[in-house]
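Listed below are the residues making up each chain.
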Amino acid sequence: MKVEPVNMRLHGILANCRHFWLGYGQATDDLTDVRGLTMYRSGVASAMYNGVLRISPGTDIEVAYDEATRKLAAVPSVWWVGPDSDTGTAEYLCSKGLSSFAAMTVMEIDLASMGPADIPTGISVHRVEGLRDIAAWVRAYTPSFDLSPDVADAVIDRYRVRPEAPGVLERFEARDGDRIVGTSVLLDRDGVAGVYVVTTAEEYRERGLGTALTTEALTRAREKGLRVGTLQTSTARSMYERMGFQAVAEYRVFTGLGAAGR
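Residues numbered from 1 in each chain as written. Predicted model: local features only at pLDDT ≥ 70, side-chain atom pairs only at ≥ 80, totals over all residues. Heavy atoms only, no water.

### Topic: the environment of V195
Within the secondary structure, V195 is located in strand β9 (residues 192–200). Overall, the relative accessible area of 3% leaves V195 in the buried class. Each C-alpha atom, one on V195 and one on R171, is 9.8 Å from the other, the two residues being 24 residues apart in sequence. Non-local contacts of V195, meaning those with residues more than four positions away in its chain, are made with V185, T214, A217, L218, T230 and L231. (Helix = DSSP H or I, 4+ residues; strand = E, 2+ residues; numbered from the N terminus. Buried < 20%, exposed > 50% of the residue type's maximum accessible area, 1.4 Å probe, protein only. Contact = heavy atoms within 4.5 Å.)

Set out below in structure tokens:
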């Protein structure tokens, strides 16, 4: 098994991404690093909430594949293939019938170079304390991910039991009056500020709200003393480049692991 060397800064960026998705998993399943696999299984009936994040160096890919198939057979799932994966992983997954449905650009930004948030007129953007309004917050972003109401309820339950200590994972929202019209998340892990769940209600798009929500989260990270911000995107690379982000790596995301993943 061959894994290309990853520099220390990129190592932290990739670890931050892993910890975000591992936070949705069910601790009783003990899925992390089983036989060289880093996996998460939330039980949520949506593929992105269950999957394989990495195969550790030296792991037999056939054994790893069989283990992942067994552990994730009952749920829809994905398999992330990034720069810390075996160089032959993508080819092997294709040979097993999995298909790559997304390319996620991994981006980073020097927080010292970041400008202030430009918040659209009439919109307020702020941090949400603790689990306040968690149900409304999740339901505000689920249309952007095409999640059904039942799946949204399951995601709400997973947020309520995520394992992070207070202040490690922080939520942000944009409001137009009483309505939540945008979301973002900051994860302070591995010395990196990871930004996730950047969404905007459909009728509020193209107004700079996604940029404002990302900036608000990263401003908070800079206040906490973090120096590097990161995110992954499949559709908004140009927007983030205008903010000062640079592409540093790529994930290919595969689906089709077992009958439930197809």
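### Let's talk about the pattern of salt bridges
If the charged atoms of two oppositely charged side chains come close together, the side chains can form a pair. Under the criterion given, the structure shown has 16 salt bridges. Here R179 ties to E203 by a salt bridge, and the two come within 2.7 Å at their closest N and O atoms. Placement of R179 in strand β8 (residues 179–189) and of E203 in the loop between β9 and α6 (209–223) is noted, with a sequence separation of 24 residues between them. On the accessibility criterion, R179 (38% relative accessible area) is partly exposed. We note a salt bridge from K224 to D188, for which the minimum N-O separation is 3.2 Å. Of this pair, K224 sits in the loop between α6 and β10 (228–233) while D188 sits in strand β8; the two residues are 36 residues apart in sequence, bridging distant segments of the chain. Shared partners join several salt bridges into a network, and the residues in it are R127, E129, E170, D188, R220 and K224. (Salt bridge = Lys/Arg side-chain N within 4 Å of Asp/Glu carboxyl O.)

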